[in-house]
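Remarks on the overall topology
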Amino acid sequence: MRKLALNDDILLKIEKPARYIGGEVNSVIKDKDKVDIRFAMCFPDVYEIGMSHLGIQILYDMFNQRDDVWCERVYSPWLDLDKVLRKENIPLFALESQDPVRDFDFLGVTIQFEMCYTNILQVLELSHIPLHASERTEDDPIVIGGGPCTYNPEPLAEFFDIFYIGEGETVYEELFESYKEWKASGGNRREFLERAAQIEGLYVPLFYDAAYNEDGTLKSFTPNNPYAPASVKKQVVMNVTDCPYPMKPVVPFIKATQDRVVLEIQRGCIRGCRFCQAGMIYRPTRERDVEKLKEYARAMLKNTGHEEISLSSLSSSDYSALKELVTFLISEFKDKGINISLPSLRIDAFSLDVMSQVQDIRKSSLTFAPEAGSQRMRNVINKGLTEEDILTGAGQAFEGGWNKVKLYFMLGLPTETEEDMREIARLSDRVARRYYEIPKEERNGKCQITASSSFFVPKPFTPFQWASMFPAEEYTRRASIVKEEFQAQLNRKSLKYNWHDAQTTVLEGVMARGDRRVSAVIEEAYRLGCLFDSWTESFKNDLWMQAFENTGVDIDFYNLRQRDAEELFPWDFIDIGVSRKFLYKEWERAMQGEVTPNCRMQCSGCGAAVFKGGVCYEGKN
Amino acid sequence: MKVRIKFRKYGALKFIGHLDVMRFFQKLMRRADIPIAFTGGYSPHMIMSFASPLGIGLTSDGEYLDIELARPVDSVDAVRRMNEESVEGIEILSLRQISDEKKMTGMTILSAADYLVSLKSGKLPDHWQELFADFMSQKEIRVVKQTKRSEKEVDIRPLIHQWEIKDQGILLKLAAGSRENLKPDLVMDAFLSGQDIPGDTVSFFYHRLEMYADSEENTGGFVSLEAMGHDMTV
């Protein structure tokens with residue numbers, strides 16, 4: 001029987017012990033003496049969040065297909081266990097073998113959002129691995145980071161040995177081979193990192209020096225090691241149909257946030273919304289073959305026993321074979337008690353028809369993401385959704401029996417005026433008015449329009465990477481203007497408005513576009529007790545502010561400054577295919593309120609065609 | 001038709017609570033292709049009921065769930081398929097056809113359960129066996145029982161049907177089910193408090209062995225839930 005790293009007394013006194021015992025269906029057990037590489041894959045948040053992440057499931061499966069690698073999982077211990085591990089000096093362990101992470105060859109960390117940065121330090125410290133890459137020895141695992149936040153890895157540069165820039169399916173094999181050769185050669189840590197630096201897409205922060213101008217902006221960013229390239233190339237899988245996909249994903253005992261089979265139908269997005277990082281970094285858009293997806297659906301439902309299947313992509317409606325796939329899923333699985341969930345669908349006659357087949361209209365709500373209230377603002381952000389689209393879609397939905405609508409907006413966008421803010425409330429009201437145009441006897445009671453706004457954070461590799469942000473008070477002021485406008489609406493009783501917290505927005509801003517100097521703040525905040533910052537119950541803004549004060553890092557420098565056209569950005573050494581020239585042209589077009597057509601309407605020459613495939617080459621074979 | 005599945009829960013699975021065990025079995029049914037029947041309605045769910053939830057931290061050799069099948073299966077084959085799709089910590093022991101009567105579900109007819117209590121940590125007096133015999137020889141054992149809304153004092157002695165010292169542990173046959181239900185930790189807490197041993201210095205491990213219904217002959221005897229069904233062959 002498997003031994004557990006924690007004894008019964010500990011497991012019985014903490015919340016949800018199932019987070020730490022492993023042994024789930026489809027989790028992989030190997031003989032540790034028969035593998036060459038032990039890889040601990042970490043999602044630095046609590047188990048239920050981490051287990052819902054598709055990327056880890058893909059890599060876990062791909063790594064474990066190799067006989068010489070055993071990949072296991074690690075998640076952040078929740079606050080209760082964190083205390084116990086520190087008090088009793090128990091090292092953090094991987095779920096499968098329950099062995100200490102420190103005994104592994106690699107610790108891989110997926111970095112999905114900025115507010116998990118202190119959790120990464122927690123995982124390192126609890127694993128008894130030095131926080132700084134420069135202090136690690138041959139006895140420590142190689143700490144490698146991946147995921148969207150690594151498109152600006154600089155705030156975390158001190159803490160990682162390697163960052164993998166781009167999609168994981170391409171060069172891990174090469175890295176493992178290189179690692180085995182190095183291990184056999186008996187070389188030192190630096191020698192391995194030099195090997196890694198020569199693999200395309202891998203960035204070794206220790207091998208680069210940053211110099212700064214007097215005004216604090218980046219002056220130069222140059223390799224200090226002959227093996228390190230000046231520019232690191234983003235990795236993309238061009239044949240998404242034949243790349244590995246986990247047919248037997250791990251099935252948690254406890255309910256994870258995503259407790260279902262997930263079918264990734266495509267990568268990338270043709271839309272080109274100017275605020276959206278995913279829309280730029282995952283270019284070009286690549287579709288998986290629909291026949292393959294049907295096979296996957298069958299196999300994965302059988303192998304997991306899940307009672308729900310969901311599609312995953314940035315914009316499912318743009319998948320060319322959507323109709324065929326959805327029709328298949330409904331005819332094949334609906335009678336077997338399988339729920340079909342269809343997120344990120346554009347609301348039109350087709351989607352309303354399939355949604356009415358797969359969900360209970362009375363209970364479910366429809367979601368629109370206009371992102372901005374006014375057409376002017378939507379043109380600035382290049383959100384190709386018109387008010388007419390929204391009102392027509394909502395009208396069809398209301399006539400089809402729905403009466404709940406969710407609307408997502410952003411506040412604090414570049415060039416935003418008070419009029420734009422107030423339009424959020426007015427647009428919501430016009431949606432409600434559309435509902436009450438339906439004769440009373442045909443209506444299903446009152447309608448419920450829930451509008452939510454988050455504050456916009458400019459991200460690297462987007463046209464808005466040049467945009468300035470606002471102080472926390474200004475965000476709050478903007479939200480209160482919207483709130484006030486909601487109260488002035490005719491249908492205010494059918495409208496609800498929620499807005500996100502402004503304090504984390506400010507921090508996200510610093511992390512998203514920060515440089516190496518920001519790592520000091522993250523470390524100081526962690527030392528002061530910040531952890532699980534994305535959880536409202538544990539977020540401590542006062543400690544973060546203290547950390548900025550203690551380290552002398554200036555929030556305003558990162559957030560409020562207007563960046564010059566020519567400024568060298570900390571992330572410019574990464575080559576994502578999409579050119580900086582294109583991004584700047586899009587920034588200028590945004591300032592003019594000019595809309596850019598999507599990739600299928602007309603190529604805008606963003607640069608992603610360099611990958612020689614996907615939407616850029618559709619119909620050109 | 002209805003079938004009763006008996007399973008064992010051991011090892012790390014003792015940390016998986018009842019609701020999650022239910023979810024586990026729902027997914028297991030699909031993986032093992034057990035032709036379970038669904039309720040009608042807009043969101044159909046599997047027809048499945050457990051005899052008695054097992055608390056977190058307890059292990060068991062005798063857990064039961066009853067399910068409704070859409071078509072017959074072969075008992076041996078179905079047990080094998082379920083075990084192939086199960087995990088370390090849950091072992092399917094049998095699948096047997098039972099009466100279709102609604103009032104005959106495990107949950108309804110459950111009347112008693114056997115537990116093995118053993119010392120997990122701390123120390124008992126050397127002559128604890130005598131002390132326990134004295135404890136059991138009392139005419140009544142009054143304890144304060146917590147219910148959801150209040151607490152009340154009850155006599156638990158009549159709910160202890162049998163007891164026996166076995167090796168270094170205690171075997172208890174306790175009332176279980178919807179009419180009367182006694183958990184083994186309540187018995188041990190009462191024993192400790194009678195000896196003036198503080199409850200936090202000694203802890204026990206509880207293992208459920210079997211679950212029973214009243215035997216039909218009305219003799220006051222019991223019959224295991226498993227014995228009430230018969231194997232199916234197809």
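Residues numbered from 1 in each chain as written. Chains lettered and ligands numbered in written order. Predicted model: local features only at pLDDT ≥ 70, side-chain atom pairs only at ≥ 80, totals over all residues. Heavy atoms only, no water.

In this section: the domain arrangement of chain A. Many authors give the size of an interface as the accessible area that is lost as the parts come together. All names here are of chain A. Annotation of chain A at the domain level lists domain 1 (8–233) and domain 2 (260–359 + 577–621). Placing the centre of domain 1 and that of domain 2 at their C-alpha centroids yields a distance of 29 Å. Every contact between the two is made by 8 residues of domain 1 and, on the other side, 10 residues of domain 2. Taken together, both faces of the contact between domain 1 and domain 2 bury some 760 Å²; the carbon and sulfur share is 50%. When the buried surface of domain 1 facing domain 2 is broken down by residue, Leu54, Tyr151 and Glu167 rank first, second and third, together holding 59% of it. If you look at where domain 1 meets domain 2, you find 3 salt bridges. (Domains from an automatic or database assignment. Contact = heavy atoms within 4.5 Å. Buried area = accessible area lost by both parts, 1.4 Å probe. Salt bridge = Lys/Arg side-chain N within 4 Å of Asp/Glu carboxyl O.)

The next point concerns empty space enclosed by the protein. Leftover empty space is mapped by rolling, across the atoms, a probe with the size of a water molecule. Residue and element names in this part refer to chain A. Overall, the coordinates contain 8 cavities of 30 Å³ or more when judged by the stated rule. The space that makes up the largest cavity amounts to roughly 160 Å³. Met51, Gln57, Pro249, Arg260 and Val262 are the residues nearest the centre of the largest cavity, which is lined by 15 residues in total. Among the secondary structure elements, those contributing two or more residues to the lining of the largest cavity are helix 3 (54–64) and strand 10 (261–264). Among the residues forming the lining of the largest cavity, the class breakdown is 9 nonpolar, 5 polar and 1 charged. When residues of the lining of the largest cavity are sorted by domain, at least three fall in each of domain 1 (8–233) and domain 2 (260–359 + 577–621). Space inside the second largest cavity adds up to approximately 70 Å³. In terms of lining residues, the second largest cavity is bounded by 15 residues, among which Asp515, Phe557, Arg561, Glu567 and Pro570 are the most central. Its residues assigned to classes, the lining of the second largest cavity comprises 7 nonpolar, 2 polar and 6 charged. (1 Å grid on protein atoms, 1.4 Å probe; cavity = no way out; pocket = protein on both sides within 12 Å on 5 of 7 lines; lining within 4 Å. Points joined across faces, edges and corners; volume = space filled by probe spheres on them. Helix = DSSP H or I, 4+ residues; strand = E, 2+ residues; numbered from the N terminus. Nonpolar A, V, L, I, M, F, W, Y, C, P; charged D, E, K, R; others polar.)

The subject of this paragraph is the packing of aromatic side chains. Centre distance and the angle of the planes are the two values used to describe a pair of aromatic rings. Residue and element names in this part refer to chain A. One pass over the structure, following the stated rule, counts 54 aromatic pairs over all chains. Residues Tyr179 and Trp182 carry aromatic rings whose centres are separated by 5.4 Å and whose planes lie at 45° to one another, so their mutual orientation is tilted. Separated by 3 residues within a single helix, Tyr179 and Trp182 lie in helix 6 (residues 172–185), roughly one turn from each other. Neither Tyr179 nor Trp182 differs from the other in exposure class; each is buried. Considering the side-chain rings of Phe398 and Tyr435, the 5.0 Å spacing of their centres and the 80° angle between planes classify their relative orientation as edge-to-face. Here Phe398 is found in helix 13 (residues 387–399), whereas its partner Tyr435 is found in helix 14 (residues 418–436), with 37 residues between them in sequence. Accessibility expressed as a relative area gives 5% for Phe398, which makes it buried. One aromatic cluster is present, built from ring pairs that chain together Phe39, Phe63, Phe106, Tyr164, Tyr172, Phe176, Tyr179, Trp182 and Phe192. Over the ring of Phe104 we find Arg38; its NZ or CZ atom is 4.5 Å from the centre of that ring. (Phe/Tyr/Trp six-rings, centres within 6.5 Å; stacked < 30°, edge-to-face > 60°. Buried < 20%, exposed > 50% of the residue type's maximum accessible area, 1.4 Å probe, protein only. Lys NZ or Arg CZ within 6 Å of the ring centre and 35° of its normal.)

Residues and elements named next belong to chain A. Overall, mixed pairing links the 6 strands, which are arranged 2-1-3-4-5-6 in an open sheet. Each end of this open sheet is capped by a strand with a single partner; those strands are strand 2 (69–75) and strand 6 (202–203). Bridging between strand 3 (residues 106–110) and strand 4 (residues 142–146) involves 5 bridges; their strand directions are parallel. Note that in strand 4 the partner of Thr110 across the bridge is Gly146. Each of strand 1 (37–43), strand 2 and strand 3 is contacted by helix 3, which is oriented at about 155° to strand 2, the strand it contacts most. Sheet contacts for helix 6: strand 1, strand 2, strand 3, strand 4, strand 5 (162–164) and strand 6; angle to strand 1, the most-contacted strand, approximately 135°. (Pairing = 2+ DSSP bridges. Axes fitted to C-alpha atoms, helices over the stretch in contact; angles between N-to-C directions.)

With that settled, consider the packing of helix 9 (residues 290–304) of chain A against helix 10 (residues 322–333) of chain A. Residue and element names in this part refer to chain A. In the contact formed by helix 9 and helix 10, the axes pass within 10 Å of each other and the chain directions differ by 30°. Classified by the angle between their axes, helix 9 and helix 10 sit roughly parallel to one another. By crossing handedness, the relation of helix 9 to helix 10 is classed as right-handed. Here Val290, Glu291, Leu293, Lys294, Ala297, Arg298 and Leu301 of helix 9 lie close against helix 10, whose contacting residues are Glu324, Leu325, Phe328, Leu329, Glu332 and Phe333. Tallied by class, residues from the contact of helix 9 with helix 10 come to 8 nonpolar, no polar and 5 charged. (Parallel < 35°, antiparallel > 145°, perpendicular 65-115°, else oblique. Left-handed = near helix turned anticlockwise from the far one by under 90°.)

Further remarks concern the layout of surface pockets. All names here are of chain B. Its volume calculated, the second largest pocket comes out at about 630 Å³. Every element with two or more residues in the lining of the second largest pocket is listed here: strand 5 (110–121), helix 5 (184–194) and strand 10 (203–214). Ranked by the residues each element gives to the lining of the second largest pocket, the list is headed by strand 10, at 5 residues. Considering only residue class, the lining of the second largest pocket consists of 16 nonpolar, 8 polar and 5 charged. Counting contributing residues, the lining of the second largest pocket receives three or more from each of domain 1 (2–108 + 225–231) and domain 2 (110–222).

A separate point is helix 17 (residues 519–528) of chain A. The set of residues buried in helix 17 of chain A consists of Ser519, Val521, Ile522, Glu523, Ala525 and Tyr526 of chain A. Looking one or two residues past helix 17 of chain A, Gly529 of chain A carries a phi angle of roughly 115°, positive in sign.

Once that is clear, we can look at unusual backbone geometry. All names here are of chain A. Residue Arg283 is joined to Pro284 through a cis peptide bond whose omega torsion reads -5°. Along the chain, Pro284 falls in the loop between helix 8 (278–281) and strand 12 (286–287). Positioned with a positive phi, Lys612 is a non-glycine residue whose angle comes to about 60°. In this fold, Lys612 is placed in the segment after helix 20 (580–592).

For an α-helix, the turn length of 3.6 residues means that residues three or four places apart are oriented alike. All names here are of chain A. What helix 18 (residues 541–551) keeps buried is the set Asn541, Leu543, Trp544, Ala547 and Phe548. The buried side chains of helix 18 occupy one side of the element, clustering within an arc of 160° when seen end-on. Among the exposed residues of helix 18, those oriented more than 90 degrees off its buried face are Asp542 and Glu549. Considering only its buried residues, helix 18 is in contact with helix 5 (117–126), helix 16 (502–513), helix 17 and helix 19 (555–559). (Arc of directions from axis to C-beta.)

Counting residues at the interface gives 24 residues for chain B and 32 residues for chain A. For the pair chain B and chain A, the summed buried area comes to about 2300 Å², and 59% of that belongs to carbon and sulfur atoms. With its nearest N and O atoms 3.2 Å apart, the salt bridge here joins Lys27 of chain B to Asp259 of chain A. Scanning the region where chain B abuts chain A turns up 12 residue pairs in polar contact (both at pLDDT 80 or more). A per-element tally of the side of chain B that touches chain A places helix 1 (residues 18–31) of chain B first, with 7 residues. When grouped by side-chain class, the residues that make up the side of chain B that touches chain A number 11 nonpolar, 3 polar and 10 charged. (Polar contact = N/O pair within 3.5 Å; in protein donor to acceptor, adjacent residues only side chain to side chain.)

The next point concerns the domain arrangement of chain B. Residue and element names in this part refer to chain B. Under the domain assignment used here, chain B contains domain 1 (2–108 + 225–231) and domain 2 (110–222). Measuring from the centre of the C-alpha atoms in domain 1 to the corresponding centre in domain 2 gives 27 Å. For the pair domain 1 and domain 2, the two sides together bury roughly 1300 Å², of which 47% comes from carbon and sulfur. Across the contact surface, domain 1 and domain 2 share 2 salt bridges. In this structure, Glu63 engages Arg208 in a salt bridge whose closest nitrogen and oxygen atoms are separated by 2.8 Å.

Residue and element names in this part refer to chain A. Here Ala502 lies in helix 16. For the pair Ala502 and Ser454, spaced 48 residues apart in sequence, the C-alpha separation works out to 8.5 Å. In this structure Ala502 touches Phe455, Ala472, Tyr475 and Thr476, once residues within four positions along its chain are discounted.

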